[in-house]
Amino acid sequence: MILVIIVVAVVLVVGIGWVVVRRRRGRVAIASPRAAMPTVLVTELAERPSLDGPSLAQRLGSSRSVFDRVRSLSSVGALSDEQLDIVEEVLLRSDVGVATTTMILDNLREYGAPDGVANAVRASLLDSLTAERSVTTTAQSGRVPVWLFVGVNGVGKTTTIGKLAKRQIDAGRSVMLAAGDTFRAAAADQLEQWATRTGADIVRASEGADPGSVVHDALGRAAARGVDMVLADTAGRRSNSTNLLDELSKVRRVADREPGQVVETFMVLDATTGQNALSQAREFLAAADVTGIVLTKLDGTARGGIVVAIERDLGIPVKFVGVGEGVEDLIAFEPGAFVDSLLDA
Amino acid sequence: MFDALSERFERLGTSLRSRGRLSDADLDEALGEVRAALLEADVELGVVRAFLDAVRERLSGETLSQSLSPGQQVIKAVHEQLIEVLGGSALKVTYASKPPTVILLAGLQGAGKTTTAAKLAAWFKQQGRQPYLIAADLQRPAAVEQLRVLGSQIGVDVFSEPSRPIDVAKSGLKEATRLGRDVVIIDTAGRLAIDEALMDEVRSISKVTSPHYTFLVIDAVTGQDAVVTARAFHETLALSGIIVTKLDYDARGGAVLSARGVVGRPVVFASTGEKMEDFELFHPDRMASRILGMGDVLSLIEQAEQRMDSDIVAEGAGRMMSGTFTLDDFLAQLNQVRKMGSLGGIMKMMPGVTKEMRSAANNVDEGELNKVEAIIQSMTKRERREPVIIDGSRRTRIARGSGTTVSAVNQLLKQFNEMRKMMRQMSGGAMPAMPGGMGRMANMAAKAQAQRGESLPPGFEALGAGMKAGAPARGGGGKNKKKKGGRVTPPKQR
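Residues numbered from 1 in each chain as written. Chains lettered and ligands numbered in written order. Predicted model: local features only at pLDDT ≥ 70, side-chain atom pairs only at ≥ 80, totals over all residues.

### A closer look at the overall build of chain B
Rules: To qualify as a helix, a DSSP run of H or I must reach at least 4 residues; to qualify as a strand, a run of E must reach at least 2; elements of each kind are numbered from the N terminus. Put plainly, a residue is buried at 20 or more neighbouring C-beta atoms within 10 Å of its own, exposed at 12 or fewer, and partly exposed in between, counting only other residues' C-beta atoms, which are placed from the backbone. By definition, residue pairs are in contact when their C-beta atoms, positioned from the backbone, come within 7 Å.
A tally of regular secondary structure across chain B gives 22 helices and eight strands. Taken across its 494 residues, chain B has 53% of its residues classed as buried. Sequence separation of at least 24 residues holds for 76% of the intrachain contacts in chain B that already meet a minimum separation of 6.

### Describing the sheet that holds strand β8 (residues 330–332) of chain A
What links the strands of a sheet is backbone hydrogen bonding, and the strands pair in either a parallel or an antiparallel sense. Residue and element names in this part refer to chain A. Formally: Two strands qualify as a pair provided that DSSP identifies no fewer than 2 bridges between them. Helix axes are fitted to C-alpha atoms over the stretch in contact, other axes to C-alpha atoms as well, and angles between N-to-C directions run from 0 to 180 degrees.
If you walk across this open sheet you meet the eight strands as β3-β2-β4-β1-β5-β6-β7-β8, and the pairing is mixed. Bordering the open sheet on either side are β3 (201–203) and β8, each of which pairs with just one other strand. Strand-to-strand twist in this sheet, taken as the mean axis angle between neighbours without regard to direction, amounts to 25 degrees. Looking at chain direction, strand β7 (residues 318–322) and β8 are connected through three bridges and run antiparallel. Looking at β8, one finds that Gly322 is bridged to Leu330.

### Details of the pairing of strand β1 (residues 101–107) of chain B
The side chains of a regular strand alternate, residue by residue, between the two faces of the sheet. Residues and elements named next belong to chain B. β1 sits mainly inside the fold: seven of its seven residues count as buried. Alternating residues of β1 divide into Thr101, Ile103, Leu105 and Gly107 and Val102, Leu104 and Ala106, and every residue in both groups is buried. Where β1 lies against strand β4 (residues 183–188), five bridges are found, and the strand directions are parallel. Looking at β4, one finds that Val102 is bridged to Val184. Two strands pair when backbone bridges link them, and β1 and strand β5 (residues 213–219) are joined in this way by five bridges, in the parallel orientation. In the strand pairing of β5, Leu105 is matched with Phe215.

### A look at the sheet that holds strand β8 (residues 279–281) of chain B
Residues and elements named next belong to chain B. Pairing is mixed across the open sheet formed by eight strands, whose spatial order is β3-β2-β4-β1-β5-β6-β7-β8. Across the chains shown, the open sheet's two edge strands, defined by having one partner strand only, are β3 (158–159) and β8. Helix α6 (residues 143–154) rests against β2 (131–136), β3 and β4 of the sheet, and its axis sits at about 165 degrees to β2. Contacts from helix α8 (residues 196–209) reach β1, β2, β4 and β5, with the element oriented near 175 degrees to β1.

### Let's talk about the nonpolar core
The cut-off we apply is this: Joining buried Ala, Val, Leu, Ile, Met, Phe, Trp, Tyr and Cys residues through C-beta atoms within 7 Å gives a set, and that set is a nonpolar core.
Grouped together as the largest cluster of nonpolar side chains are 185 residues, with contacts concentrated most on Leu177, Val230 and Ala232 of chain A together with Ile103, Leu133 and Ile185 of chain B. In this view, Ala232 of chain A contacts Val146, Trp147, Leu148, Phe149, Ala178, Gly180, Val215, Ala218 and Ala255 of chain A; residues no more than four positions away in its chain are not counted. Membership of the second largest hydrophobic core comes to 35 residues, among which are Met347, Val364, Ile376 and Ile398 of chain B.

### Notes on the packing of helix α9 (residues 225–237) of chain B against helix α10 (residues 254–263) of chain B
All names here are of chain B. Applicable threshold: With respect to orientation, any angle under 35 degrees is reported as roughly parallel, any angle over 145 as roughly antiparallel, any angle of 65 to 115 as roughly perpendicular, and every other angle as oblique. Rotating anticlockwise by less than a right angle from the far helix to the near helix defines a left-handed crossing, while the corresponding clockwise rotation defines a right-handed one. Under the scheme applied here, ten amino acids are nonpolar (Ala, Val, Leu, Ile, Met, Phe, Trp, Tyr, Cys and Pro), four are charged (Asp, Glu, Lys and Arg), and all others, including Gly, are polar.
Interhelical geometry of α9 versus α10 gives an angle of 40 degrees and a closest axis separation of 9 Å. It follows that α9 is oblique to α10 by the angle criterion. Pair α9 / α10 crosses with right-handed handedness. When α9 is examined against α10, the residues Ala226, Val227, Ala230, Arg231 and His234 are found in contact with a partner set consisting of Ala255, Ser258, Ala259, Val262 and Val263. Considered class by class, the residues forming the contact of α9 with α10 number seven nonpolar, two polar and one charged.

### With respect to the confidence of the model for chain A
Note the cut-off: pLDDT expresses, on a scale from 0 to 100, how confident the predictor is about each individual residue.
Averaged over all residues, the pLDDT of chain A equals 79, while 79% of them reach at least 70. Across residues 26–66 of chain A, confidence stays below pLDDT 50; counting only partners more than four residues off in sequence or on other chains, it has 45 contacts.

### Quick notes on helix α15 (residues 335–343) of chain A
All names here are of chain A. So the rule is basically this: It is the directions from the helix axis to the C-beta atoms that the arc portrays.
Considered for burial, the residues of α15 that qualify are Phe338, Val339, Leu342 and Leu343. The arc enclosing the buried residues of α15, seen along the axis, measures out at 130 degrees, which places them on a common side. Exposed and oriented more than 90 degrees from the buried face of α15 are Gly336 and Ala337.

### Some details on the packing of helix α13 (residues 276–288) of chain A against helix α14 (residues 306–314) of chain A
All names here are of chain A. Between α13 and α14, the shortest axis-to-axis distance is 9 Å and the interhelical angle comes to 40 degrees. Between α13 and α14, the angle is such that the two are oblique. Here the hand of the crossing between α13 and α14 comes out right-handed. Where α13 approaches α14, its residues Ala277, Leu278, Ala281, Arg282 and Leu285 are matched on the opposing element by Ile306, Ala309, Ile310, Asp313 and Leu314.

### Some words on unusual backbone geometry
Along the chain, Glu258 of chain A connects to Pro259 of chain A via a cis peptide bond; the corresponding omega equals 0 degrees. Structurally, Pro259 of chain A can be placed in the loop between α12 (242–255) and β5 (260–270). The omega torsion across Pro99 of chain B and Pro100 of chain B is 5 degrees, close enough to zero to call that bond cis. Along the chain, Pro100 of chain B falls in the loop between α4 (70–86) and β1. Although it is not a glycine, Asp95 of chain A adopts a positive phi angle of roughly 70 degrees. For Asp95 of chain A, the position within the fold is in the loop between α6 (81–93) and α7 (98–111). Its identity as a non-glycine residue notwithstanding, Ser210 of chain B has a phi of 25 degrees, on the positive side. Here Ser210 of chain B lies in the loop between α8 and β5.

Rendered as structure tokens:
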């Protein structure tokens, strides 16, 4: 299959090249980069009308306090279409997704809202957030517990590791960090700064090194020094590339081999992520056996509602949430508080 | 990119096409489908509503064209509205009359600002400018280091000093002027829109550097929050445009539609991969076609113009036509393919490429291409000219020489032969009937060219047929030609 793609691409490119050459023969001008270079932007921006500003802005403005209106709805029997619309709007805006929203609306239609709409919605959401949230810090005797961190680019994996290392060290455990992100420029430097800041040990290799070997080294050293646990970073990767996911599976296998034992695999997820998070979680679960989610950047305006669907559909619990830049701003997840914040959108 | 969205639109198109007349109920259902598609693609709710209202208006307002079926009317309206929402036409950069032209990048943490800064610098360099990078992200550990590494990769100098971001920006700008650089790109720390202290900081950076362009860098996987972020940054910085990153992720891309819809600023650049060259001007009209599954041949041609060595390609194309294409030529063309960026990216721009092929192309990495190269390089010159002489023992030798297996060598030879056979048929002048999307590409291109007031370049038939040649080989022979059809059927008359 891969070979076919390559052959197709070659044929395709030759064909395109042919077109290009023909075009050049016809008119030389288009080939010169200067000639093709764009000219005016600023004026164009000024001229361009915005989509349909006022009405949209008004709509958004009204939506901010929309859940206050939900709260004030104290319908007992069937809800009106308008009430359902308000609920739908709040849910969709907090990124819980079409499927979850539809489910909750169906519930409301069927059972009504005897204790008020807000409570009914809250209860429906909490029903989806019932997974076990405990965190494992110990391995079988003689093995070093490993926490592995996975996720797409830019969600805050390295920062999360720094913060969790701090927590563990404060709890009296010795920690070793494995700089398994050997792809992004200066990722290991970033982790090293965290190591210095928190007093953890770190094992790193040069850029482009095999992440598996970094993790392997870290485990060897951790076992030799009797370190209590290893936190292993990995490079951010998009979840639709089989090769990158295979590489991740390999890192996990290495980390799970004697003397190591992977006791937690955290998928770090950015609260601003929308519906794509669900497919991310699905792929990472298959590749690395994810045991929990760390939801970061919850201190912004994003709600991270998609974790409801992830926990309901895939059974992956959220274990930590990041609510600020400070080292202490990574806290244990609490469904009640989370749902309230969703509905406050 | 936008895969999920285009997939739903494609399905919608298929179901609508089969109807003769469209009742109000049909229309409601169709628009309901559009709504769900947009929401699932993370388009912001307010933007979705505005979008649907506009589409409805288009459908009711204008006199319905007699030549279009009702289904085509809906698709046409959606397509036009998509182009409008995405921003009309592509960015045109004006350079400051008194250089340097200053560009400020801002955004949330993890959106990809630092990488974007480097890619943008590389883009300007390619345009014949002398860019200069200022690393004013002193917040994230090692962010400056990251930009330094990327800068050295693309051969662009990076300025930074351990002081305050605003001072870094100021002295960096001075340094750029001294060095006579004509484009300056300032990378700032990621910040939350509600963090007033940091928003003040970026505002003052903007004040002292008075940038000609301020771009918001936003992540394509962002959900409903994209709008809140975009609005907040726009209020603080008066954005001139948006740069979308990580468009190579599966599905979604609603952030693009939403941010543009709310702040009324166009998306100007899109980053579509991890390589430095996976970065391009954003063309709304082409993106709209891509969302609707119509492919994007024009972008592909432009990329080819910029990156490929035309002599080598022309030679290869000539040999292909005359049926004397050798494995040496194949190798030379393969290297041209590599210059085009990732295979996945190329496939995305092709109309009519099935989802399976796209995802397979996504997974072809450098290693696979290296393997093919190694196999060919392990052949003698004569073998490359006359692959027929490669017998069992030669195959074993080649496999050993290239570190692959005999079956890999066999596969390559078989594919190569298939390809040559198709080439010969084509050059014989018999252009096979082309069912399905691949063949339609030629039509698309013709249309696209016509729109620009140009005539179709004569090579295009060959291009369409060329794709055809590769495609059937997928099933091991020309058996499943039909299979390629049906997925993508752009409206016939527009």
